[in-house]
Amino acid sequence: MSPPPAVDLGVRPDGPIPNPFAHGLRRSVGRWAGPGLAVTYLSLLVVLPLAALVSKAFTSGFGVFWQAVSQPEAVAALKLTLIASLIVATFNALAGLVIAWVLVRDDFRGKQAVNAMIDLPFALPTVVAGLTLLSLYGPDSIFHLNVADTKIGIVVALAFVTLPFSVRSVQPVLAELDREVEEAAASLGASSSVVLRRVILPGIAPAMLAGAGLAFARAVGEFGSVVLISGNLPFKTEVASSWIYSLSQSDQLSAAAAVSVVLVVVALLVLVGIGLLRRRFDIGESV
Amino acid sequence: MTVGTLALLAAAVSTAVFPAVAGATPSGSVSLVAYSTPKPAYAALIKAFNATSAGKNVTFSQSFGASGSQATAVANGLPADVVNFSLAPDMNKLVKAGIVSAKWSATPTKGMVTNSIVSFVVRPGNPKHITNWASLVKSGVSVITPNPFSSGSAKWNLMAAYGAQLALGKTKAQATTYLTQLLKHTAAQPSSASNALQTFLSGEGDVLLDYEDDALYAKSKGEAVSIVTPPQTILIQNPIAVPTKASNPAAAKAFVAYLLSPAGQRVWGKQGYRPVLPKVASQFKFPTPKKLFTIDSLGGWTKVNTIFFTPSTGVVAKIEQGLGVSTSSS
């Protein structure tokens, strides 16, 4: 079975990129219609709400913003959230690689079913996910694994909701990886660990990083699946999203916005950092 | 076009042009925005209202959710003809937003539609012998109560605990110390009352502090729980109002009138809520605590909210900070 042809979205060396939106329109209009549409859409859905969030956070000045984010509860919740998200992103990057590897390189009965199952955490309402995790890994656990009200419980919930990112970002790249290069390396005497380290990993590292970045960003804001299994104890197992919810319920909307801004900025920094790291691998945009 | 269709059309036009002429039967749709626990009760109440002559032409769109979120949603433009919250401060949010009249509590029932109390929900047979507030802070007992900064129900619970200490003759300082002990015994503080019930039903904790009506509902659904009525507890009062900007005030007022009528109050009673009409309440056998106090006896919600539940600076926030610091350094 040969891998599907790669979709080429890169700039062609000769001639401009054919613009699918230009068809039937005058060139000059077509050239701007696409970007214009994309920018408008992005503004309405992402940029404007984020700008509103930031302006809400700073309505009463930087002093009030700083007070909101340096409160002991906020600091404890942010620290817990960021550390747990980092652990989950790292762990799932490895677990996602293993799962993607099995799905791409191995053949077994029920592979299609497993493949379809990967995305289910996306479809499940997160509160239902939280309830399910609580019944499986809570005090009445059939496996006698009780992680309720612990930080481990938080990591389990976050790992569950972010797994699809980690698998799906690596899977297509792994499928397109040229196996002949691996074979050539092996025939030249490279051990399998060297093949993994020098041939496979450099090829998929950008994809793994991208998946980890998405998983991190998703984990930072996760609420529904976490609050049930975490026990939501202030200073111990209360995540940032839950503290933000408390602030909003207590009519402290600018404080809620302030803590949210911290989450968004950290997520943005991580995503930008990962983008830079990927560029260092210097193999173009393979995902 | 037949004569029949013409008649129908005429009827439709006349109801559209002259909605709810004074004295006429109210019709149209009422949008009900309420906190989450009375959802099953409203199913029964709407059915009963639709069976009355005043309610037969009224339809409903219903929205249930955390009381504070619902109030915020209405304040930000969610259309509502009837609003029902778990505690008065949420109604006052709408007064501030200019949506509900400041005189909403000037009714024979002081703006309230139902009462309840804070109860202890325990495991079947009460294996930890939970009988009063002191037994909640014995060693080896773990308590579940929602997070007081996100849940109105948790505020009722903690004020019940605090007021019970005062009712026992303790000083305010001793009552605050009791709150500290109680929160120390808290194994989880889920974000809402319904999350707290789910957490308890999943096997966590020995005692759940809960609305009596919610506990009775869980029991009626066959959940394996026992209910213990504390000797001293708080009277929970749930406010209702028709916003001044209601789009269908005639039908909304008719519905609220039904909810507050003896017939409506009997349905509430059957659903586990303590009726606000004493005559109807006496027809039900709700347990009578030795001492039942109100939030007004503790200073009223505005004062209590500021003193106890201001995030970071309130009494409860300070207690949580103290507990958080002591556990992270140990």
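Calculation criteria
- Residues numbered from 1 in each chain as written.
- Chains lettered and ligands numbered in written order.
- Predicted model: local features only at pLDDT ≥ 70, side-chain atom pairs only at ≥ 80, totals over all residues.
- Helix = DSSP H or I, 4+ residues; strand = E, 2+ residues; numbered from the N terminus.
- Rg over C-alpha atoms; globule rule 2.2 N^0.38 Å.
- Buried ≥ 20, exposed ≤ 12 C-beta atoms within 10 Å, placed from the backbone.
- Contact = placed C-beta atoms within 7 Å.
- Domains from an automatic or database assignment.
- Nonpolar A, V, L, I, M, F, W, Y, C, P; charged D, E, K, R; others polar.
- Pairing = 2+ DSSP bridges.
- Axes fitted to C-alpha atoms, helices over the stretch in contact; angles between N-to-C directions.
- Parallel < 35°, antiparallel > 145°, perpendicular 65-115°, else oblique.
- Left-handed = near helix turned anticlockwise from the far one by under 90°.
- pLDDT = per-residue confidence, 0-100.
- Core = buried A, V, L, I, M, F, W, Y, C linked by C-beta atoms within 7 Å.
- Expected span 1.5 Å × (residues − 1).

Assigned secondary structure in chain B consists of 14 helices and 11 strands. Its C-alpha radius of gyration of 22 Å places chain B within 12% of the 20 Å reference for a compact globule of 330 residues. Dimensions of chain B, computed from the C-alpha atoms along their principal axes, are close to 85 × 40 × 35 Å. For chain B, the residues scored as buried account for 48% of the 330 residues in total.

Attention now moves to the overall build of chain A. Across its full length, chain A carries 12 helices and 0 strands. Counting from the amino terminus, helix and strand elements in chain A follow one another as α-α-α-α-α-α-α-α-α-α-α-α. For chain A, with 287 residues in total, the buried portion stands at 36%. By sequence separation, contacts in chain A at least 24 residues apart represent 78% of the contacts at least 6 residues apart.

Looking now at the domain arrangement of chain B. Residues and elements named next belong to chain B. Structurally, chain B comprises domain 1 (25–114 + 238–281) and domain 2 (115–236 + 288–329). Counting only elements with at least two residues in the side of domain 1 that touches domain 2, the list comes to helix H3 (67–75), helix H4 (88–96) and strand S4 (112–122). The element that contributes the greatest number of residues to the side of domain 1 that touches domain 2 is H4, accounting for 3 residues. Grouping the amino acids of the side of domain 1 that touches domain 2 by side-chain chemistry returns 8 nonpolar, 9 polar and 2 charged.

A few words now on the pairing of strand S9 (residues 232–241) of chain B. All names here are of chain B. Of all 10 residues in S9, 10 are buried; the element is thus mostly enclosed. With 2 bridges connecting them, strand S3 (residues 82–84) and S9 associate as antiparallel partners. Residue pairing across strands places valine 83 opposite alanine 241, the latter belonging to S9. Sheet topology places S4 next to S9; 5 bridges connect them, and they run antiparallel. Within S9, the residue paired with isoleucine 117 across the bridge is leucine 235.

What follows concerns the interface of chain A and chain B. Between chain A and chain B, the contact holds 27 residues from the first and 25 residues from the second. Counting residues per element, the ones that place at least two in the side of chain A that touches chain B are helix H3 (72–105), helix H6 (126–137), helix H10 (224–230) and helix H11 (240–249) of chain A. Among the elements that line the side of chain A that touches chain B, the one with the most residues is H11 of chain A, at 5 residues.

Further remarks concern the packing of helix H6 (residues 152–167) of chain B against helix H7 (residues 172–184) of chain B. Two measures define how a pair of helices packs: the angle their axes make with one another and the distance between the axes. Residue and element names in this part refer to chain B. Following both chains from N to C, one finds H6 and H7 inclined at 140°, their axes separated by 9 Å at the closest point. Judged by the angle between their axes, H6 and H7 are oblique. When you trace H6 past H7, the crossing you get is right-handed. Across the interface between the two elements, Leu158, Ala161, Tyr162, Gln165 and Leu166 from H6 touch Gln174, Ala175, Tyr178, Leu179 and Leu182 from H7. Grouping the amino acids of the contact of H6 with H7 by side-chain chemistry returns 8 nonpolar, 2 polar and no charged.

This part is about the confidence of the model for chain A. Interpreting fine coordinate detail is not advised for predicted regions of low pLDDT. A residue-level look at chain A finds 87% of positions with pLDDT of 70 or above and a mean pLDDT of 86. Note on residues 1–13 of chain A: pLDDT under 50 across the span, and 6 contacts to partners over four residues away in sequence or across chains.

Let us look at the environment of alanine 255 of chain A. Residue and element names in this part refer to chain A. Position of alanine 255 relative to the elements: it lies in helix H12 (residues 253–281). Residue classification places alanine 255 among the buried positions, given that 27 C-beta atoms sit within 10 Å. A sequence separation of 11 residues divides alanine 255 from isoleucine 244, and the C-alpha atoms of the two residues are 7.9 Å apart. Once residues within four sequence positions are removed from consideration, alanine 255 is found in contact with Ala68 and Leu247.

Among the nonpolar cores identified, the biggest contains 93 residues, and Val82, Val83, Val207, Ile234 and Phe255 of chain B are the most heavily contacted of them. Ranked by residues supplied to this core, first place goes to H6 of chain B with 9 residues. Looking at this core, you find at least three residues from each of domain 1 (25–114 + 238–281) and domain 2 (115–236 + 288–329) of chain B. Ignoring anything within four residues of it in the chain, the contact list for valine 207 of chain B reads Phe120, Val121, Val122, Ile130, Leu136, Val141 and Val143 of chain B. Counting 70 residues, the second largest nonpolar core, distinct from the first, contains Leu80, Leu163, Val227 and Ala267 of chain A.

So, on to the pairing of strand S1 (residues 27–35) of chain B. Regular strands have side chains that alternate between both faces of the sheet. Residues and elements named next belong to chain B. Judged from the 9 bridges that link them, S1 and strand S2 (residues 57–65) form a sheet pairing that is parallel. Within S2, the position partnered with tyrosine 35 by the bridge is glycine 65. Strand direction decides the pairing type here: S1 and S3, joined by 3 bridges, are parallel. Looking across to S3, one finds that leucine 32 is bridged to valine 82.

The subject of this paragraph is unusual backbone geometry. Here the phi dihedral of asparagine 232 of chain A falls at roughly 55°; this positive angle occurs in a residue that is not glycine. Judged by the 28 C-beta atoms lying within 10 Å of it, asparagine 232 of chain A falls in the buried class. Here serine 312 of chain B, not a glycine, exhibits a phi torsion of approximately 75°, which is positive. Tracing the backbone through its elements, the reader meets serine 312 of chain B in the loop between helix H13 (301–309) and helix H14 (315–329). In this structure serine 312 of chain B comes out as partly exposed when scored by C-beta crowding, with 19 C-beta atoms within 10 Å.

Residue and element names in this part refer to chain A. Where H3 contacts helix H9 (residues 192–221), the two axes come as close as 8 Å, and the packing angle between them is 145°. Here H3 and H9 pass one another in a crossing that is right-handed. Of the residues in H9, those touching H3 at Thr81, Leu82, Ser85, Leu86, Val88, Ala89, Thr90, Asn92, Ala93, Gly96 and Leu97 are Met208, Gly211, Ala212, Ala215, Phe216, Ala219 and Val220. Looking at the contact of H3 with H9 residue by residue, the classes come out as 12 nonpolar, 6 polar and no charged.

Residue and element names in this part refer to chain B. Here phenylalanine 308 lies in helix H13. Given 22 C-beta atoms within a 10 Å radius, phenylalanine 308 is considered buried. Taking the C-alpha atoms as reference points, phenylalanine 308 and alanine 54, 254 residues apart in sequence, are found 44 Å from one another. Look past the residues within four positions of phenylalanine 308 in its chain and what remains in contact with it is Gly314, Val315 and Val316.

A few words on H6 of chain B. Owing to its 3.6 residues per turn, the α-helix brings residues three or four apart onto one side. Residues and elements named next belong to chain B. Given a rise of 1.5 Å per residue, 16 residues ought to cover 22 Å, and the 22 Å separating the end C-alpha atoms of H6 matches this to within 8%. With respect to burial, H6 is a largely interior element, 15 of its 16 residues being buried. Of the residues trailing H6, glycine 169 is marked for its positive phi of about 90°.

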